[in-house]
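Chain and residue survey
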Amino acid sequence: MRESYLPFALPDIDERELTEVEQALLSGWVTTGPKTHQFEQEFAAAIGARHAIAVNSCTAAMHLALEAVGLQPGDEVITTPLTFAATAEVVRYFDARPVLVDVDAETLNIDTAQIDAAINERTRVIMPVHLAGLPANMAEISRIAQQHALKVIEDAAHAMPGVYNHRAHGSLGDLVCFSFYATKTLTTGEGGMICTENEEWAERCRFMSLHGISRDAWKRYTAEGNWYYEILAPGFKYNMTDVAAAMGLAQLRKVNVMWQRRKEIAAAYNQAFAQVSELLLPPVGNAPEQHAWHLYILRLHLERLQIDRSQFIAALKKRNIGTSVHFIPLHIHPYYRQRYGYQPQDYPVSYREYQRMISLPIYSRMSDQDVQDVIEAVSEIVVQNRTA
Ligand SMILES: Cc1ncc(COP(=O)(O)O)c(C=O)c1O
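What you see is a predicted model, and the numbers here were worked out from it, not measured in a lab.

1. Some points on the side chain of histidine 169
Within the fold, histidine 169 resides in the loop between β7 (167-168) and β8 (175-179). Classification of histidine 169 by relative accessible area gives buried; the value is 4%. Aside from chain neighbours lying at most four places away, what touches histidine 169 is Ile47, His130, Pro135, Glu154, Ala159, Gly162, Val163, Tyr164 and Phe178.

Okay, structure coming up:
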């Protein structure tokens, strides 16, 4: 058994982040400024998007995206129960309704066959989540959206650097929202990005991200700017700082190297667990799709084990392996249960899969020995607890 605790996630920070951040700190410009501008430009270029707007979280990105398409009270937005709090709470900010559509049992992404039944005259937006970094079925989602004149806002919090149909996430679709939270595949501590091809939405997101005022603060206080500004709408305080953007620049330059390592780890897990009949492996995606491998969600065949998922997690913890669960479905949380009267069985696939899923550690700083330790711990727990 390993002696030290293996955390579930760790950021991959080295001299390159330190150098960029030091430059930002010493430049005298620590809030939104040249580094943020450069990060937006390099991010847009890296994925082939026309516009990239840096903000301070993916939650902020999704809020701004919904604002940009003009969501109104009483409108409806379709998403899945198997996601983080943020995806639905941003809909509630507008006093609009998140309408949940269950996930596909294999991919854990929105079951596109059930979307049509959830659409009515109040539906405005579909918000697919690329869970774990596996692309949702965007061809089908776009087709349905076009047919009903709906907008598609992607929750791409897990999806950098994912690829769908030969195109990087963020280079197509209406508005695509990324997260740079501490555990994500590219981190700025806290941060997010909105990508869009639409100039009008890009402009709206940009100026609403900074109080709805008519020009960026950093321009106002530099030689090229002046003191005058105008408030055009009651905006938000969602801008990214240059300190965060500096970190993002260093992370962006190694995002593919970090992805390669996660891909290797996923392959090692898949190979080790392929013959273990108590375990169900995550889908790897169909080429030319590229799974971003933000998460490795292992599922248990509970009927073949004497312990449940929580006991399995406790056994891993006892062996010094950190894990997590993605996600506790929205519809069983008190707020959504009370507000909309949901029962656990209303979304049977999300509920069933939630009860048997464990996210294993998968990050570029893991050594081969770390990976081996996880494999050994999981294998040993299975052997000690199989029913037969
Ligand atoms: C699926 C999903 N959507 C949205 C978010 C929100 O991201 P952020 O923390 O950057 O606001 C997260 C963060 O964990 C997430 O996992």
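2. Observations concerning the packing of aromatic side chains
By the definition in use, this model includes 13 aromatic pairs. With 5.6 Å between their ring centres and 55 degrees between their planes, phenylalanine 39 and phenylalanine 180 make a pair best called tilted. With phenylalanine 39 in helix α2 (residues 34-47) and phenylalanine 180 in the loop between β8 and β9 (192-196), this residue pair connects regions lying 141 residues apart in the sequence. Here phenylalanine 39 matches phenylalanine 180 in class, with each residue buried. Each ring, one from phenylalanine 84 and one from phenylalanine 327, has its centre 6.1 Å from the other, and the planes form 45 degrees; the classification is tilted. Pair noted here: phenylalanine 84 is in the loop between β2 (76-79) and α4 (85-92) and phenylalanine 327 is in the loop between α10 (309-318) and α11 (334-340), with a separation of 243 residues, a long-range link. For phenylalanine 327, a relative accessible area of 10% puts it in the buried group. By the ring-pair criterion, three or more aromatic residues cluster together here, those being Tyr335, Tyr336, Tyr340, Tyr342 and Tyr347.

3. Things to note about the sheet that holds strand β1 (residues 51-55)
Here we have seven strands laid out as an open sheet, ordered β1-β9-β8-β5-β4-β2-β3, and mixed in their pairing. Bordering the open sheet on either side are β1 and β3 (97-100), each of which pairs with just one other strand. Pairwise comparison of adjacent strand axes, ignoring direction, gives a mean angle of 25 degrees for this sheet. Note: β2 against strand β4 (residues 123-126), three bridges, orientation parallel. Considered in β4, the bridge of glutamate 76 is made with threonine 123. Along the sheet face, helix α3 (residues 58-68) touches β1, β2, β4, β5 (151-155), β8 and β9 and points at about 165 degrees away from the line of β8. Sitting on the sheet, helix α5 (residues 138-147) is in contact with β4 and β5, with an inclination near 150 degrees to β5.

4. Brief notes about α5
Within α5, the full set of buried residues consists of Met138, Ile141, Ile144 and Ala145. All buried residues of α5 lie within an arc of 130 degrees about the axis, which places them on one face of the element. Among the exposed residues of α5, those oriented more than 90 degrees off its buried face are Gln146 and Gln147. Contact partners of the buried residues in α5: β4, β5 and β6 (163-164).

What counts, and where the lines are drawn
Residues numbered from 1 in each chain as written. Predicted model: local features only at pLDDT ≥ 70, side-chain atom pairs only at ≥ 80, totals over all residues. Heavy atoms only, no water. Helix = DSSP H or I, 4+ residues; strand = E, 2+ residues; numbered from the N terminus. Buried < 20%, exposed > 50% of the residue type's maximum accessible area, 1.4 Å probe, protein only. Contact = heavy atoms within 4.5 Å. Phe/Tyr/Trp six-rings, centres within 6.5 Å; stacked < 30°, edge-to-face > 60°. Pairing = 2+ DSSP bridges. Axes fitted to C-alpha atoms, helices over the stretch in contact; angles between N-to-C directions. Arc of directions from axis to C-beta.

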